[in-house]
Amino acid sequence: MKLSDVGEHEVAFFQENGYLQLTEFYSKEEIEELGRALDQTVADKRARVLGGGHEGSEDYALVFNQMVNLWEDYGVVRKFSFDPRLAEIARRLSRCKHVVIYHDHALIKPGGEKSRATNWHQDAPYWPMEQIGALSAWIAVDDVSVENGCMQFIPGSHTFGKLEPVPLATEGASVLKNITATGVKVDVPPVVMDMKAGGVTFHHGCTFHYATSNMTDRPRRALAIIYIPEYVAYNGRWDAGGAKDMVAGHPFGGPKHPILAMG
Ligand SMILES: O=C(O)CCC(=O)C(=O)O
């Protein structure tokens, strides 16, 4: 699927369900180039920057090796993180005037017996943003299925709004469990986003999502990019993208958060 395939029908689908899948977005050659670049970041032992530093544990590494802001150091990754087509899709889906990048992140889920599932969670509770509206693109760098940890979404769960953050490295922690404990019934089955390498999914910052452990003997590689609409302000807390130049209550901007698509 291409940018021109994302029209009002897809935007309405995203608004209602909180996710969108675009299969075969990148060609085999393009995605192999990204795969080699991600392998290089691992070979370089690129510093990991994890959710606020609080998740920097061995357990967390069994969920995934997460490295952020690779666009700053790796030209090939930058081509994908700054891809104007992805950013324009993000802008359309969030029905906004422009989007800036928050950060990119490689999400490399190790394979094998010790591999851990990515707990059911929302992203928005981790982000230093006042308003809801930011969203992610998740690029499959390998073929993904339940065998190696493809993404799963609960359709419509973004309508629950921003809930408490869920620790990703604590076995059994789950936003689904938390919300059920409050008496809210979530009886919509998850949708499983298996797809070939080169496919992309978008998800809203409040969509409940999850990935199984990687039961294969090869890492599952993905690159995610987070986009922020212009109506979302910095809330003054920690920022993985670099909050140095930002002012609480003001929109994201500056050299770490350039505009990637403008309507
Ligand atoms: O890649 C994964 O296993 C989970 C990714 C995720 O939670 C995200 O991109 O928001």
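Residues numbered from 1 in each chain as written. Predicted model: local features only at pLDDT ≥ 70, side-chain atom pairs only at ≥ 80, totals over all residues. Heavy atoms only, no water.

**Remarks on the confidence of the model for the protein chain**
Reading predicted coordinates in detail is not appropriate for stretches of low pLDDT.
Link 1 in the chain: Taken as a whole, the protein chain shows an average pLDDT of 92; of its residues, 94% reach a score of 70 or greater.
Link 2 in the chain: Ignoring residues within four places in sequence, the model shows residues 51–55, a span with pLDDT below 50, making seven contacts including any to other chains. (pLDDT = per-residue confidence, 0-100. Contact = heavy atoms within 4.5 Å.)

**Topic: helix α1 (residues 8–17)**
Link 1 in the chain: Residues of α1 that are buried include every one of Glu 10, Val 11, Phe 14 and Asn 17, and no others. Around the axis of α1, the buried residues are gathered within 150° of arc, so they sit on the same side. For α1, exposure combined with an orientation more than 90 degrees from the buried face picks out Glu 8, His 9 and Glu 16.
Link 2 in the chain: Of the residues trailing α1, Gly 18 is marked for its positive phi of about 80°. (Buried < 20%, exposed > 50% of the residue type's maximum accessible area, 1.4 Å probe, protein only. Helix = DSSP H or I, 4+ residues; strand = E, 2+ residues; numbered from the N terminus. Arc of directions from axis to C-beta.)

**Quick word on the pairing of strand β10 (residues 220–229)**
Link 1 in the chain: Of all ten residues making up β10, ten are buried, and the element is well covered by its neighbours.
Link 2 in the chain: What you see with β10 is no split at all: Arg 220, Ala 222, Ala 224, Ile 226 and Ile 228 on one side and Arg 221, Leu 223, Ile 225, Tyr 227 and Pro 229 on the other are buried throughout.
Link 3 in the chain: Relative to β10, strand β3 (residues 98–109) runs antiparallel, the two being bridged by nine bridges. Residue pairing in the sheet places Ala 106 in a bridge with Leu 223 of β10.
Link 4 in the chain: Taken together, the six bridges between strand β5 (residues 135–140) and β10 define a ladder with antiparallel strand orientation. Bridge pairing links Trp 138 to Ala 224 in β10. (Pairing = 2+ DSSP bridges.)

**With respect to the packing of aromatic side chains**
Link 1 in the chain: The final tally for this structure, using the stated rule, is ten aromatic pairs.
Link 2 in the chain: An angle of 85° between the planes, with centres 5.3 Å apart, marks the rings of Phe 13 and Tyr 19 as edge-to-face.
Link 3 in the chain: Residue Phe 13 is classed as partly exposed on the basis of its relative accessible area, which comes to 31%.
Link 4 in the chain: Plain terms: the ring middles of Tyr 102 and Trp 127 are 6.4 Å apart, the flat faces sit at 75° to each other, and that makes the pair edge-to-face. Taken as a pair, Tyr 102 in strand β3 and Trp 127 in the loop between β4 (118–121) and β5 lie far apart in primary sequence, 25 residues in all. The two residues Tyr 102 and Trp 127 agree in class, both being buried.
Link 5 in the chain: Within the aromatic cluster, the residues linked to one another by ring pairs are Tyr 102, Trp 127, Tyr 234 and Phe 252.
Link 6 in the chain: A cation sits over an aromatic face here: Arg 78 above Phe 82, 4.3 Å from the ring centre. (Phe/Tyr/Trp six-rings, centres within 6.5 Å; stacked < 30°, edge-to-face > 60°. Lys NZ or Arg CZ within 6 Å of the ring centre and 35° of its normal.)

**Remarks on the site of the ligand**
Link 1 in the chain: The immediate surroundings of the ligand are formed by 13 residues, with Thr 118, His 121, Asp 123, His 209 and Arg 220 found nearest.
Link 2 in the chain: Taking His 121, its side chain carries an N or O atom lying 3.0 Å from an oxygen atom of the ligand.
Link 3 in the chain: Contact distances for the ligand include 2.8 Å between an oxygen atom and a side-chain N or O atom of Arg 220.
Link 4 in the chain: Surface burial for the ligand is 97%, taken as the share of its 290 Å² of free accessible area covered by protein chains.
Link 5 in the chain: Elements that contribute at least two residues to the shell around the ligand include exactly β3, β4, β9 (209–211) and β10.
Link 6 in the chain: Broken down by class, the residue content of the shell around the ligand amounts to six nonpolar, four polar and three charged. (Near = heavy atom within 4 Å. Polar contact = N/O pair within 3.5 Å; in protein donor to acceptor, adjacent residues only side chain to side chain. Areas by Shrake-Rupley, 256 points an atom, 1.4 Å probe, with all protein chains shown as cover. Nonpolar A, V, L, I, M, F, W, Y, C, P; charged D, E, K, R; others polar.)

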